[in-house]
Amino acid sequence: CALPIFSRLSQRAFSTGEAIKTSGSIFQSDPENALSLIKKKGFIVDMDGVIYHGNRLLPGAIEFVSWLQKENKEFLFLTNSSERSPRELKEKLQRLGITVDASRFYTSALATASFLESQTPNGSAYVIGEPGLMVALYNAGFAMNETSPDYVVVGETRNYNFEKMATASNLVQQGARLIGTSCDVADRIGDYLVPSSGALIAPIELVTGVKAYFVGKPNPLMMRKAMQYLGCNREETVIIGDRMDTDIIAGVQSEIDTCLVLSGVTTAVDLKKYPFRPKMVAAGLFEVADGIKKAQSSSAVV
């Protein structure tokens with residue numbers, strides 16, 4: 001069956017302004033996509049690949065977030081990144097021209113810390129990751145332990161090396177439980193993909209024969225936290241993301257509407273690989289924002 005989409009994008013991910021010139025909105029022939037978004041009360045929005053690439057704001061992000069704020073929508077930025085704290089994410093968006101409160105961010109680091117606190121209060125962990133993950137674990141009452149931790153926790157990091165991999169492998173073989181902040185194998189930085197937590201934890205799994213437990217999307221634990229924050233039911237909520245294997249499957253499994261943007265990891269070609277489908281597909285947030293604007297203008301005229 002035909003997939004309802006915002007645009008007929010070329011067979012590659014949207015990464016430059018070129019896609020803006022080549023894509024045409026399908027809202028003019030099928031306004032139901034935009035109207036369904038307008039009616040939603042709660043929005044779960046991924047960040048990297050949706051709002052920005054690295055330190056580059058993506059087209060339409062400012063307009064879309066401004067619309068959420070103007071319409072008093074409930075929204076939460078839900079990211080599988082464990083690198084930064086909510087405060088740091090707030091400051092990053094502010095530098096890029098978007099002002100939101102730190103409470104609007106929920107990361108895989110926070111989800112991981114919350115899960116581990118519920119499992120082993122005042123536990124300990126050997127952590128491979130960035131400060132955002134370590135701070136979240138500290139705030140949850142966890143101590144850092146390199147000799148006999150309860151858990152080995154792996155998030156994305158730029159400081160991965162053989163020594164850390166070997167230490168983590170040894171600790172898991174000694175009985176530490178293996179936790180990943182997310183199963184994402186790669187993240188997009190600019191026009192390139194780089195290893196993420198799923199790739200960094202894979203060697204430890206191979207060496208030890210132990211499969212990691214991943215807390216981030218599409219784990220229902222993280223989605224439930226997002227739904228609790230929004231205070232909206234499934235029918236009132238939509239998730240917008242750039243990955244079929246985390247964002248969209250998380251929405252499908254949570255029975256909420258999904259909108260895939262082709263401005264990040266998943267490309268138009270990738271769609272055929274999956275047995276599930278997003279309800280809507282857009283080239284990027286610029287197309288979502290433009291479609292909503294047109295739909296609201298048409299409604300006002302009528």
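Because the structure is predicted, anything quoted here is derived from the model rather than measured.

Trainee: Please give an account of the pattern of salt bridges that cites residues and values.
Mentor: According to the stated counting rule, one finds 14 salt bridges in the structure shown. Of the charged contacts in the structure, one is a salt bridge between Asp270 and Lys273, with a shortest N-O distance of 3.0 Å. Lys273 gets classed as exposed once you look at its relative accessible area, which sits at 59%. Its salt-bridge partner being Asp290, residue Lys294 comes within 3.3 Å of it at the nearest N-O pair. Taken as a pair, Lys294 and Asp290 lie in helix α11 (residues 285–301) at a separation of four residues, close to a single helical turn.

Trainee: How would you explain the packing of aromatic side chains if you had to name every residue and give the values?
Mentor: Summed over all chains, the structure comprises eight aromatic pairs. Ring geometry for Phe115 against Tyr213: centres 5.1 Å apart, planes inclined by 35 degrees, an arrangement best described as tilted. Pair noted here: Phe115 is in helix α5 (residues 108–119) and Tyr213 is in strand β12 (residues 213–214), with a separation of 98 residues, a long-range link. Clustering of aromatic rings is evident, with ring pairs tying together Phe43, Phe64 and Trp67. Over the ring of Tyr52 we find Lys92; its NZ or CZ atom is 3.8 Å from the centre of that ring. The ring of Phe75 carries Arg104 above its face, with NZ or CZ at 4.1 Å from the centroid.

Trainee: Mind laying out the environment of Ala202, listing which residues take part and the relevant values?
Mentor: Of note, Ala202 is situated in helix α8 (residues 197–208). The class of Ala202 is partly exposed, set by a relative accessible area of 26%.

Trainee: Lay out the sheet that holds β12 with the relevant residues and their values.
Mentor: The strands making up a sheet are joined through hydrogen bonds of the backbone, oriented either antiparallel or parallel. Read across the sheet, five strands follow the order β7-β6-β8-β9-β12 without closing on themselves; strand pairing throughout is parallel. Among the strands making up the open sheet, the edge pair consists of β7 (143–144) and β12. Here four bridges tie strand β8 (residues 151–154) to strand β9 (residues 177–180), and the two strands are oriented parallel to one another. The residue of β9 that forms the bridge with Val152 is Leu178. With respect to the sheet, helix α6 (residues 131–139) is in contact with β6 (124–128), β7 and β8, its orientation differing from that of β6 by roughly 170 degrees.

Trainee: Describe the side chain of Ser196, listing the residues and the values that go with them.
Mentor: Within the element layout of this structure, Ser196 appears in the loop between β11 (192–195) and α8. Setting aside residues no more than four positions away along its own chain, Ser196 makes contact with Glu156, Asp184, Val185, Ala186 and Asp187.

Trainee: Which residues make up the environment of Met144, and what values go with them?
Mentor: Considering the arrangement of structural elements, one finds Met144 in strand β7. A residue is classified by how much of its surface remains accessible, and Met144, at 30% relative accessible area, is partly exposed. For the pair formed by Met144 and Ala125, sequence separation is 19 residues and the distance between their alpha carbons is 5.2 Å. Apart from the residues within four sequence positions on either side, Met144 is in contact with Ala125, Val127, Leu137 and Tyr138.

Trainee: Please give an account of the sheet that holds strand β1 (residues 42–45) that cites residues and values.
Mentor: The six strands lie next to each other as β5-β4-β1-β13-β14-β15, forming an open sheet whose pairing is parallel. The sheet is open, and its two edges are formed by β5 (105–107) and β15 (280–282), each paired on a single side. Across the sheet, the mean angle from the axis of one strand to that of its neighbour is 20 degrees, orientation sign disregarded. Relative to β5, strand β4 (residues 74–79) runs parallel, the two sharing three bridges. Note on β5: the bridge partner recorded for Phe77 is Phe105. Relative to the sheet, helix α4 (residues 86–96) contacts β4 and β5, its axis offset from that of β5 by approximately 125 degrees.

What counts and what doesn't
Residues numbered from 1 in each chain as written. Predicted model: local features only at pLDDT ≥ 70, side-chain atom pairs only at ≥ 80, totals over all residues. Heavy atoms only, no water. Salt bridge = Lys/Arg side-chain N within 4 Å of Asp/Glu carboxyl O. Buried < 20%, exposed > 50% of the residue type's maximum accessible area, 1.4 Å probe, protein only. Helix = DSSP H or I, 4+ residues; strand = E, 2+ residues; numbered from the N terminus. Phe/Tyr/Trp six-rings, centres within 6.5 Å; stacked < 30°, edge-to-face > 60°. Lys NZ or Arg CZ within 6 Å of the ring centre and 35° of its normal. Pairing = 2+ DSSP bridges. Contact = heavy atoms within 4.5 Å. Axes fitted to C-alpha atoms, helices over the stretch in contact; angles between N-to-C directions.

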